[in-house]
Amino acid sequence: MGPLIPNGVIPFEWNFVIAILIGIVFGYILESSGFSSSRKLAGLFYGYDFVVLKVFFTAAIVSLIGIYYMDYLGLINVGQLYIHPTYLYGAIGGGIIMGIGFVMGGFCPGTSLCAVAIGKIDAMAYGLGIMIGVLIFSEFFSFLEPYFDGAYLGHITLVDSLGVNPYWFIFLFTVTAVILFFLVDMIRKRVKKVFY
Amino acid sequence: MKELERTKRISFSAVIIILVVLIGLLSFKKAANVFKNDKTLTLNPIVSQDYIISKSSIDTASVSNMAFIDVRSPFEYSKGHIKNAKNIYTPDLLDPKNKEYILDLEKENKTIVLYGAEPGEASGAWMLLTQLGIKNVKLLSIKTNYIHNTFSISDFPIEKAQLDYAAYMKKATSGKIEVKKVTPKRVIKLAKKKKKVAEGGC
Amino acid sequence: MSNTYKVKKIIIKTEYKVLAGILILLAAGLVLLPKYQKNVGIKPENFLVNIMSTERYVTTDQVADKIIKQDPNLLLIDVRKKEAFDAFSLPNAINIPLAKVLSSDSESYLNQDAFDVVLYSNDNFYADQAWQLCNRMGYKNIYVLKGGLNEWFNTIINPKEPTETDSELAFKDYNFRKAAAMYFGVGNKTNTAPKVKPKRVIKLAKKKKKVAEGGC
């Protein structure tokens, strides 16, 4: 049956309406879990707050398990889902830049918009920085293009490239995540409490 | 006390999740007919062409291990048919009763031989059964005739060119100029389709 | 009150453990569930309906008309062997032997919605089979030339003259076929080859960034 829009269950025009609705919910959850605070986000790197790790890891696991159950029950076809293509060089370079920006600014692009919405001035500066960065990238795109398109691996997933059984992979992934949560909690308890 | 309010949320969501999964699993019904995921399953016989048998290749020794299935309509069947053939009209192939019959034949290691008024009529049925994963399905390349109230079959060669096209065209273009290699082959290279899109998020 | 308070306290204390336990249980459930063969392509029941329908057939007249009018949506595909294709083929046709119908190279020709694909072979037996393979995979816009090349030669290239008693329509058809035969080079007395339209190269750029990029 699913995915709903590519298979025509929901008309294509609804795409943006649904996107807006999901976006509103996403923003609400980001804000209500306190992600618009840059100290909370930076806490991940300094080791006094691991909510970011927990929230995103949990979200990944829940959707992963949910999708595979739905696939098993014939409600959705995993093969039809959009998989973002992998450009290895671009991913590595982008990851480094994003990581540095994350620690320095204390936002990731999504949460910065959340923080703009509640009126944080540093987030507005951050947003402006994103625009300038986009402008620079676009202007220099012809220089950067070979690097940008380099090491194209196609639409691959971990399961494809490792060649493992997806169900076992999910199980191991879940167990790892849970163990990670406990470890992270222990670290948090040892680190001096930071109030913010 | 205030933090105790959270218990409601937690137990509620946990129960909901488990309920949803349970209901999903209990209401799950497997499809009765399933196309197997094997590209070579049908292509192997197509490449080797060993699924087509002609009338002349059947002898008394091999016929004992064959089960004939007539895929023509019951009306045609009633006018005459091959001896011992069972009539299963193509649209009825997936009826539980007929399917069971075919699966039984497969279990008994019989060769299932399909025929229709022409090979083309039975090719759809052959395709269906083979892609469902049933082995030993063959197709009889015959033509059925019904003349003077008698039923007979004759060999019908598959995909035989009636003329030598190239030679005919050469003659037809009156030999003055060789126009036939007319149009250059159009080069069409479509970009490979991407997977259907559903946007990725963070 | 004190009793429920205790229960609640236990839940609070163990909430994360309980939730983690549920996740692990569900993941383990995925591993333990009995696996079954999934259906690939369209449902067999639908396939059965499709093979009984004759909608897939186009006549030689229709195809000839489209070739003459240079219909940009027409894509002829020859499913015979390569030697046969090299010896003779319809104008502008491309060759995908029956055995290669499901290969990934052919997929870009067959699984698309830019063209009306017409499959043909000597008869329509192989073309039908190619059509069935494609239909099962759920490809759209694929048709079969009824009667194949044999029919092509019997009608278009070498049409039979209608007798006096035939209908007006038969004469009309005959006239069209005669003209079409000339277009395809029959009885070409002048020294000009049939007009060849310049080769049309269609190049669709690889759509790389059609989707909105995510990023949080």
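Note that the structure is a prediction, hence the values are computed from the model and not measured.

## So, the overall build of chain B
Secondary structure assignment for chain B yields seven helices and eight strands. Burial statistics for chain B: of 202 residues in total, 21% are counted as buried.

## A short note on the overall build of chain A
A tally of regular secondary structure across chain A gives nine helices and two strands. Counting from the amino terminus, chain A carries its helices and strands in the arrangement α-α-α-β-α-α-α-α-β-α-α. In terms of its C-alpha atoms, chain A occupies a principal-axis envelope of roughly 50 × 45 × 35 Å. Out of the 196 residues in chain A, the part that is buried amounts to 14%. Within chain A, residue pairs in contact and separated by at least 24 positions form 64% of the contacts whose partners lie at least 6 positions apart.

## Re the sheet that holds strand S4 (residues 111-115) of chain B
Residues and elements named next belong to chain B. Taken in spatial order, the five strands make up an open sheet running S1-S5-S4-S2-S3, and their pairing is parallel. The open sheet has two free edges, formed respectively by strand S1 (52-53) and strand S3 (86-87), since each of these has just one partner strand. Pairing between S4 and strand S5 (residues 137-140): three bridges, direction parallel. Paired with Ile112 across the bridge in S5 is Val137. Set on the sheet, helix H6 (residues 119-131) makes contact with S4 and S5; between it and S5 the angle comes to about 175°.

## Digging into the confidence of the model for chain A
Residues at a pLDDT of 70 or more form 97% of chain A, whose mean pLDDT is 86. When mean pLDDT is compared element by element in chain A, helix H6 (residues 121-139) of chain A scores highest at 92, while strand S2 (residues 152-154) of chain A scores lowest at 79.

## As for the interface of chain C and chain A
Counting residues at the interface gives 12 residues for chain C, matched by 17 residues for chain A. Looking at side-chain class alone, the side of chain C that touches chain A contains 11 nonpolar, one polar and no charged residues.

## Some thoughts on the packing of helix H3 (residues 51-72) of chain A against helix H9 (residues 166-190) of chain A
Residue and element names in this part refer to chain A. Where H3 meets H9, the closest approach of the two axes is 11 Å, and the angle between their N-to-C directions is 160°. Judged on the interaxial angle alone, H9 and H3 are roughly antiparallel. Handedness of the crossing formed by H3 with H9: left-handed. Along the contact surface, H3 presents Leu53, Lys54, Phe57, Ile61, Leu64, Ile65 and Tyr68, while H9 presents Pro166, Ile170, Phe173, Thr174, Ala177, Phe181 and Val184. In terms of residue class, the contact of H3 with H9 is made up of 12 nonpolar, one polar and one charged.

## What to know about the pairing of strand S2 (residues 74-78) of chain C
Taken residue by residue, a regular strand's side chains alternate between the two faces of the sheet. Residues and elements named next belong to chain C. The buried fraction of S2 amounts to five of the five residues, a majority that puts the element mostly inside the structure. Of the two faces of S2, the one holding Leu74, Leu76 and Asp78 and the one holding Leu75 and Ile77 are both buried throughout. Sheet topology note: the S2/strand S4 (residues 116-120) ladder contains five bridges and is parallel. Residue pairing in the sheet places Leu74 in a bridge with Asp116 of S4. Direction of pairing for S2 relative to strand S3 (residues 94-95): parallel, over a ladder of two bridges. The residue of S3 that forms the bridge with Asp78 is Asn95. Crossover connection from S2 via helix H4 (residues 82-87) to parallel S3: handedness right-handed.

## A few points about helix H5 (residues 109-117) of chain A
Helical geometry: 3.6 residues make up each α-helical turn, so side chains three or four residues apart lie on a common side. Residue and element names in this part refer to chain A. Inspection of H5 places Thr111, Ser112, Cys114 and Ala115 among the buried residues, and these make up the whole buried set. Seen along its axis, H5 keeps its buried residues to an arc of 155°; they face one direction. Contact partners of the buried residues in H5: helix H1 (14-32), helix H2 (38-46) and H6. Just beyond H5, the residue with positive phi is Gly119, at close to 90°.

## Things to note about the nonpolar core
Ranked by size, the top nonpolar core spans 43 residues in total, and within it Ile77, Val79, Val118, Leu119, Ala127 and Ala130 of chain C carry the most contacts. Mapped onto this core, the elements with two or more residues apiece are helix H7 (165-172) of chain B together with helix H3 (60-68), S2, S4, helix H6 (125-137), strand S5 (142-145) and helix H7 (148-157) of chain C. The leading source of residues in this core is H6 of chain C, at seven residues. Look past the residues within four positions of Ala130 of chain C in its chain and what remains in contact with it is Val79, Leu98, Val101 and Leu119 of chain C.

## Here we look at the sheet that holds S2 of chain C
Residue and element names in this part refer to chain C. Read from one edge of the open sheet, five strands run S1-S5-S4-S2-S3, paired in parallel fashion. Taken across any chain shown, the strands that pair with only one partner, and hence form the sheet edges, are strand S1 (57-58) and S3. The pairing of S1 with S5 spans two bridges and is parallel. The residue of S5 that forms the bridge with Tyr57 is Val144.

## Brief notes about H6 of chain B
All names here are of chain B. In a regular helix each residue adds 1.5 Å, so 13 residues correspond to 18 Å; H6 covers 18 Å between its end C-alpha atoms and thus fits that length. Of all 13 residues making up H6, 11 are buried, and the element is well covered by its neighbours. Among all positions in H6, only Pro119, Ala122, Ser123, Gly124, Ala125, Trp126, Met127, Leu128, Leu129, Thr130 and Gln131 are buried. Backbone geometry just downstream of H6 places Gly133 in the positive-phi region, at approximately 95°.

## Quick look at the packing of H3 of chain C against H7 of chain C
All names here are of chain C. Contact geometry of H3 with H7 gives a least axis separation of 10 Å together with a crossing angle of 70°. Classified by the interaxial angle, the pair formed by H3 and H7 is roughly perpendicular. Of the residues in H7, those in contact with Thr60, Asp61 and Ala64 of H3 are Glu151, Trp152, Thr155 and Ile156. Of the residues in the contact of H3 with H7, the class split is three nonpolar, two polar and two charged.

## Concerning the pairing of S5 of chain C
Residues and elements named next belong to chain C. As paired elements, S4 and S5 share three bridges and run parallel to each other. Opposite Val118, over in S5, you have Tyr143 as the bridge partner. You can see the chain leave S4, run along H6 and come back into S5, and the turn it takes is right-handed.

## What to know about the environment of Ala114 of chain C
With respect to the helices and strands, Ala114 of chain C occurs in the loop between helix H5 (104-110) and S4. In the structure, Ala114 of chain C is positioned 39 residues away from Leu75 of chain C in sequence and 9.5 Å away in space, judged by C-alpha atoms.

Criteria and cut-off values
- Residues numbered from 1 in each chain as written.
- Chains lettered and ligands numbered in written order.
- Predicted model: local features only at pLDDT ≥ 70, side-chain atom pairs only at ≥ 80, totals over all residues.
- Helix = DSSP H or I, 4+ residues; strand = E, 2+ residues; numbered from the N terminus.
- Buried ≥ 20, exposed ≤ 12 C-beta atoms within 10 Å, placed from the backbone.
- Contact = placed C-beta atoms within 7 Å.
- Pairing = 2+ DSSP bridges.
- Axes fitted to C-alpha atoms, helices over the stretch in contact; angles between N-to-C directions.
- pLDDT = per-residue confidence, 0-100.
- Nonpolar A, V, L, I, M, F, W, Y, C, P; charged D, E, K, R; others polar.
- Parallel < 35°, antiparallel > 145°, perpendicular 65-115°, else oblique.
- Left-handed = near helix turned anticlockwise from the far one by under 90°.
- Right-handed = clockwise from strand over helix to strand, strands pointing away.
- Arc of directions from axis to C-beta.
- Core = buried A, V, L, I, M, F, W, Y, C linked by C-beta atoms within 7 Å.
- Expected span 1.5 Å × (residues − 1).

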